[in-house]
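Structure at a glance
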Amino acid sequence: MKITRIETIWIDDQPNTTWVRIHTDDGLIGLGETFYVPRAISAMVHDVFAGILLGRSPLDIENHWANMMGTVNFFGFAGSEMRAISAVDVALWDILGQHTGQPIYALLGGRNRDRIMIYNTCVSHGPHQDFHRWREQERTGELAAELLQSGIRAMKIWPFDQFGVSLGGPVGRRAGAEAVGPVTHFITREQLKKGLSYVEDIRRTVGDRMEIAIEGHARWNLTEATRIARALEPYDILWLEEIMPPDNPECYARLKQDTTIPLCVSERLFTRFGFRAVVEQNAADIIMPDMAWTGGLTETRKICSLADTYYLPITSHDTIGPVALWSAAHLMLHIPNAMIMETVRAYYEGWYNDVMTERIPIQDGMLSLPERPGLGTALREEVLRRPDVHIEVSDISQRRENSKG
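Residues numbered from 1 in each chain as written. Predicted model: local features only at pLDDT ≥ 70, side-chain atom pairs only at ≥ 80, totals over all residues. Heavy atoms only, no water.

Looking only at helices and strands, the chain has 15 helices and 17 strands in total. Over its C-alpha trace the chain gives a radius of gyration of 21 Å, about what one expects of a compact globule, namely 22 Å for 405 residues. In terms of its C-alpha atoms, the chain occupies a principal-axis envelope of roughly 65 × 45 × 45 Å. Every one of the 405 residues in the chain was classed for burial, and the buried ones make up 59%. (Helix = DSSP H or I, 4+ residues; strand = E, 2+ residues; numbered from the N terminus. Rg over C-alpha atoms; globule rule 2.2 N^0.38 Å. Buried < 20%, exposed > 50% of the residue type's maximum accessible area, 1.4 Å probe, protein only.)

Attention now goes to the packing of helix H1 (residues 38-53) against helix H2 (residues 61-72). The interhelical angle for the contact between H1 and H2, taken along N-to-C directions, is 130°, at an axis separation of 10 Å. The angle between the axes of H1 and H2 places the two elements in the oblique class. Crossing of H1 against H2: the hand is right-handed. Two secondary-structure elements touch here, H1 through Met44, Val48, Phe49, Ile52 and Leu53 and H2 through His64, Asn67, Met68, Thr71 and Val72. (Axes fitted to C-alpha atoms, helices over the stretch in contact; angles between N-to-C directions. Parallel < 35°, antiparallel > 145°, perpendicular 65-115°, else oblique. Left-handed = near helix turned anticlockwise from the far one by under 90°. Contact = heavy atoms within 4.5 Å.)

Turning our eyes to something else, we now look at the pattern of salt bridges. Within the structure shown, the criterion is met by 24 salt bridges. Salt-bridge contacts for Arg139 lead to Glu142; the nearest nitrogen and oxygen are separated by 2.4 Å. The partly exposed category is assigned to Glu142, whose relative accessible area is 36%. For Glu242, the salt bridge identified is with Arg268, shortest N-O distance 2.9 Å. One end of the pair, Glu242, is in the loop between strand E9 (239-241) and helix H10 (249-257); the other, Arg268, is in the loop between strand E10 (263-265) and helix H11 (271-280), and 26 residues separate them in sequence. Each of Asp130, Arg133, Arg139, Glu142, Glu146 and Arg345 takes part in a single network of salt bridges with overlapping partners. (Salt bridge = Lys/Arg side-chain N within 4 Å of Asp/Glu carboxyl O.)

Attention now goes to H2. With twelve residues, H2 extends 17 Å from end C-alpha to end C-alpha; this agrees with the ideal 16 Å at 1.5 Å per step. Among all positions in H2, only Ile61, His64, Trp65, Met68, Met69 and Val72 are buried. In an axial view of H2, the angular spread of the buried residues amounts to 125°, which keeps them on one side of the axis. Each element contacted by the buried residues of H2 is listed here: H1, helix H3 (80-100), H11 and helix H13 (296-309). (Expected span 1.5 Å × (residues − 1). Arc of directions from axis to C-beta.)

Glancing now at the side chain of Thr315. By the secondary structure assignment, Thr315 is in strand E12 (residues 314-316). Looking at Thr315, its side chain comes within polar contact range of the main-chain oxygen of Ile340, at 2.8 Å. The contact partners of Thr315, leaving out residues within four places of it in the chain, are Tyr119, Trp239, Cys264, Ile286, Ile287, Met288, Pro289, Met332, Ile340 and Met341. (Polar contact = N/O pair within 3.5 Å; in protein donor to acceptor, adjacent residues only side chain to side chain.)

The next thing to look at is the packing of H3 against H13. Orientation of H3 relative to H13, taken along the N-to-C sense of each, is 100°, at an axis distance of 6 Å. With respect to their mutual orientation, H3 and H13 come out roughly perpendicular. Of H13, the residues touching H3 (which contributes Ser86, Asp89, Val90 and Trp93) are Gly296, Leu297, Thr298 and Arg301. In the contact of H3 with H13, the residues fall into three nonpolar, three polar and two charged. (Nonpolar A, V, L, I, M, F, W, Y, C, P; charged D, E, K, R; others polar.)

Along the chain, Val265 connects to Ser266 via a cis peptide bond; the corresponding omega equals -20°. Relative to the assigned elements, Ser266 resides in the loop between E10 and H11. Of note in the backbone geometry, Val37 takes a positive phi value of approximately 50° without being a glycine. With respect to the helices and strands, Val37 occurs in the loop between strand E3 (29-35) and H1. Exposure remark for Val37: the relative accessible area of 34% places this residue in the partly exposed category.

With four of five residues buried, strand E8 (residues 211-215) lies mostly within the body of the structure. In terms of strand pairing, strand E7 (residues 154-157) meets E8 through four bridges, oriented parallel. When the sheet's bridge partners are listed, Lys156 is paired in E8 with Ala213. Pairing of E8 with E9, which is carried by three bridges, proceeds in the parallel orientation. Pairing of Glu215 across the sheet is with Glu241, part of E9. Read as a crossover between parallel neighbours, the route from E8 over helix H9 (residues 222-232) to E9 is right-handed. (Pairing = 2+ DSSP bridges. Right-handed = clockwise from strand over helix to strand, strands pointing away.)

Structural data, given as structure tokens:
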């Protein structure tokens, strides 16, 4: 069996999600996915990795990972290079599963659990306008009650982002900040109280029946992160996630000494080498890799083993796309130190089902997987015929094709 064709696919409706499909000469198609700047991902796949992969067996997954990493590491790997590797890697595992007739979790070594608890990241899409309800309408407690009624017992919000420095600089700083932006060096008492009010509303409405995770989006310096963490301590928070950039693990180690809130770090880190300092310097309580950009299944399972060596739990990160969720689920059912999975109900009850052949099974706040080969799902063929689709192809003859619609 040989790799004969590689496709990169994205649609204008979801402009940051890139799918990679790998075809073999016996008709199997493996599917992977990553997030952010599809044209850069496509360039890496076709200009660099196609020459490494085409004509080779898709089953030599570890060797392919080493070859791709060895190539891009010569120039610096931590960006579109690693995102592309991540998508290719998952597609190869999907092929292996289809070839052997086994789910990916079985190939990894089998399950440690048949289902896992999820939490809902409260973003808006389609009928579920969760972000608008908790942030703009300030009905966080009401949203928590609704999630509990559906069986979801954990949720994530980011109430302090709005007070961060805007990307607009001095002119745009009053326009409102979102998740993306530079580090902010001061939060007022009034802003701190406002951020806490969303958490207070949850506790006032549903008590301690809801687990609350706080996302920080790396918007704060050490001093303000410490103030935020200490202010959250009375509310029994599940974790404080990426409240500072993860580039300096020593700062997280200092913060960890100054708060009782568990610290969660960090989807922005690439490969096991990025996580090594965090784990070894006692800079986190919970490890959160995102396999769609930290190296796929091959590398993320090593990150999970590193964390397990230090008795640290894993929570998967995913607000990216359906394939990332399915592949993370395979890993989280397998690893012994899985804690909880991130999901977005606005997505898995929405646009994910417009592009995938199968719905991911979620019931009563728990996620499971069917015993189907590979990922257990595939990209709908009609996606390839959408008017807003972009497809680039490399085939065994090294020809590259581009098409839209």
